[in-house]
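# Descriptive structure summary
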Amino acid sequence: MQLGIIGLGRMGGNIARRLVRDGHEVVAYDQDAATATALVDDGIGHAESLAALVASLDAPRAIWVMLPAGDPTEATINTLSELMAPGDTIIDGGNTFYKDDIRRAKALEPKGLHYVDVGTSGGVWGLERGYCMMVGAEDAIFDRLEPLFDSLAPGYGDLERTRGRNAPDERAERGYIHAGPVGAGHYVKMVHNGIEYGLMQAYAEGFELMQSKASPELPEDQRFDLNLADVAEVWRRGSVVSSWLLDLTAQALAGDPRLDHYSGAVSDSGEGRWTVDAAVEQGVSTPVLANALFSRFASRQENTYANRLLSAMRFGFGGHVEPPKQ
């Protein structure tokens, strides 16, 4: 298939590369022309403007916007809506608030334009590992774009198939789903990121508890100088708490057991707040997710081991760089 991509940052560039590797034709645009031209050697076309990008694609066009949520994405979609033709599709693969997706789809409908929201997880590792995708779209548009999702997804890989699963639709096992109508993809991704906050916080608090076991404030015979890199490594192998986040934790601790390279001031990119807002709106109790979000707020005043470990995990999966130590 043919696809335009706007935004070639930590994920956009690798999405383009993965698609081209699987035989798709990609034309890309980035405000930083050097970033876009650097991908030409990978077989990715370069457009010098949004208008040139639209003109380079055959109808019905599909353009994937991979920009930060908020004003950058909003402005780009507004511009595309004036350049594209009826039957074309705008895809938002960033971390947009799902209610904004619903609003945009309604605004684009009178122009004959389709809108798709893709909750995309995979971070900086997606080029090799593939991307987990949760898609909100009209049925017919999802079907037309599905070859793109299939190429980007991890596929079956070597993950053991779920015992007892007897679903006729195997796409979830390959790493992508049609979650529902517009907005559903980013809603599921929002909750995914809220859960991510909770999992990361649990690891961070547990490792800080072990790290503090050598404290001189404890009775001498109750102090343990634990090798946390070894703990993380052994938990990766056969433990019920094993996960990719634990893999990243082990990797960070192997190179820097004290985590001195991390500030511990942990940012939040919006999805955790939206998840807690949704819980309030829907009357659902989510104390773990709420406390994980509030802990991130507190981290900006407290440079603890737990917060440095959160920073290390965020850098590991997404390349997120926290503010430098003060």
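Residues numbered from 1 in each chain as written. Predicted model: local features only at pLDDT ≥ 70, side-chain atom pairs only at ≥ 80, totals over all residues. Heavy atoms only, no water.

### A short note on the packing of helix H9 (residues 184–211) against helix H12 (residues 271–282)
The interhelical angle for the contact between H9 and H12, taken along N-to-C directions, is 105°, at an axis separation of 8 Å. With respect to H12, the element H9 is oriented roughly perpendicular. Along the contact surface, H9 presents Tyr187, Met190, Val191, Asn193, Gly194 and Tyr197, while H12 presents Glu271, Gly272, Trp274, Thr275, Ala278 and Gln282. Partitioned by chemical class, the residues of the contact of H9 with H12 number 6 nonpolar, 5 polar and 1 charged. (Axes fitted to C-alpha atoms, helices over the stretch in contact; angles between N-to-C directions. Helix = DSSP H or I, 4+ residues; strand = E, 2+ residues; numbered from the N terminus. Parallel < 35°, antiparallel > 145°, perpendicular 65-115°, else oblique. Contact = heavy atoms within 4.5 Å. Nonpolar A, V, L, I, M, F, W, Y, C, P; charged D, E, K, R; others polar.)

### Things to note about the sheet that holds strand S8 (residues 176–180)
If you walk across this open sheet you meet the 8 strands as S3-S2-S1-S4-S5-S6-S7-S8, and the pairing is mixed. The two strands at the open ends of the sheet, each matched to only one other strand, are strand S3 (45–46) and S8. As defined by bridge partners, strand S2 (residues 25–29) adjoins S3 across 2 bridges and the pair is classed as parallel. What sits directly across from Ala28, in S3, is His46. Across the face of the sheet, helix H4 (residues 71–83) comes into contact with strand S1 (2–6), strand S4 (62–65), strand S5 (89–92) and strand S6 (114–121) while running at roughly 165° to S4. On top of the sheet, helix H5 (residues 98–108) reaches S5 and S6; it is set at about 155° to S6, its chief contact. (Pairing = 2+ DSSP bridges.)

### With respect to the nonpolar core
Of all hydrophobic cores here, the largest spans 31 residues; its most connected members are Ile5, Trp64, Met133 and Phe149. Mapped by element, the contributors of at least two residues to this core are S1, helix H1 (12–21), S2, S4, S6, strand S7 (132–136) and helix H7 (139–152). Among the elements that take part in this core, H7 stands out by supplying 6 residues, more than any other. With residues near it in sequence (within four places) discarded, Phe149 still touches Trp64, Val118, Met133, Val135, Phe142 and Tyr176. (Core = buried A, V, L, I, M, F, W, Y, C linked by side-chain atoms within 4.5 Å. Buried < 20%, exposed > 50% of the residue type's maximum accessible area, 1.4 Å probe, protein only.)

### Regarding the environment of Ala265
One can find Ala265 in the loop between helix H11 (244–255) and H12. Separated by 224 residues in sequence, Ala265 and Asp41 place their C-alpha atoms 38 Å apart.

### Here we look at the environment of Tyr176
Tracing the backbone shows Tyr176 in strand S8. Its relative accessible area of 1% is what places Tyr176 among the buried residues. With 26 residues separating them along the chain, Tyr176 and Asp150 place their C-alpha atoms 7.4 Å apart. Only 2.7 Å separates the side chain of Tyr176 from the side chain of Glu146, close enough to count as a polar contact. For Tyr176, the side chain forms a polar contact with the side chain of Arg174, separated by 2.8 Å. (Polar contact = N/O pair within 3.5 Å; in protein donor to acceptor, adjacent residues only side chain to side chain.)

### Brief notes about the side chain of Glu146
Note that Glu146 resides in helix H7. Residue classification places Glu146 among the buried positions, given a relative accessible area of 16%. When sequence neighbours within four positions are dropped, the list of residues in contact with Glu146 reads Arg171, Arg174 and Tyr176.

### A look at the pattern of salt bridges
Scanning the model with the defined rule gives 20 salt bridges in all. Note that Arg161 and Glu173 form a salt bridge whose closest N and O atoms lie 2.9 Å from each other. Within this pair, whereas Arg161 is found in the loop between H7 and helix H8 (171–174), its partner Glu173 is found in helix H8, the two being separated by 12 residues in sequence. A residue is classified by how much of its surface remains accessible, and Glu173, at 22% relative accessible area, is partly exposed. Salt bridges linked by common partners bring Glu74, Asp92, Asp100, Arg103 and Arg104 together as one network. (Salt bridge = Lys/Arg side-chain N within 4 Å of Asp/Glu carboxyl O.)

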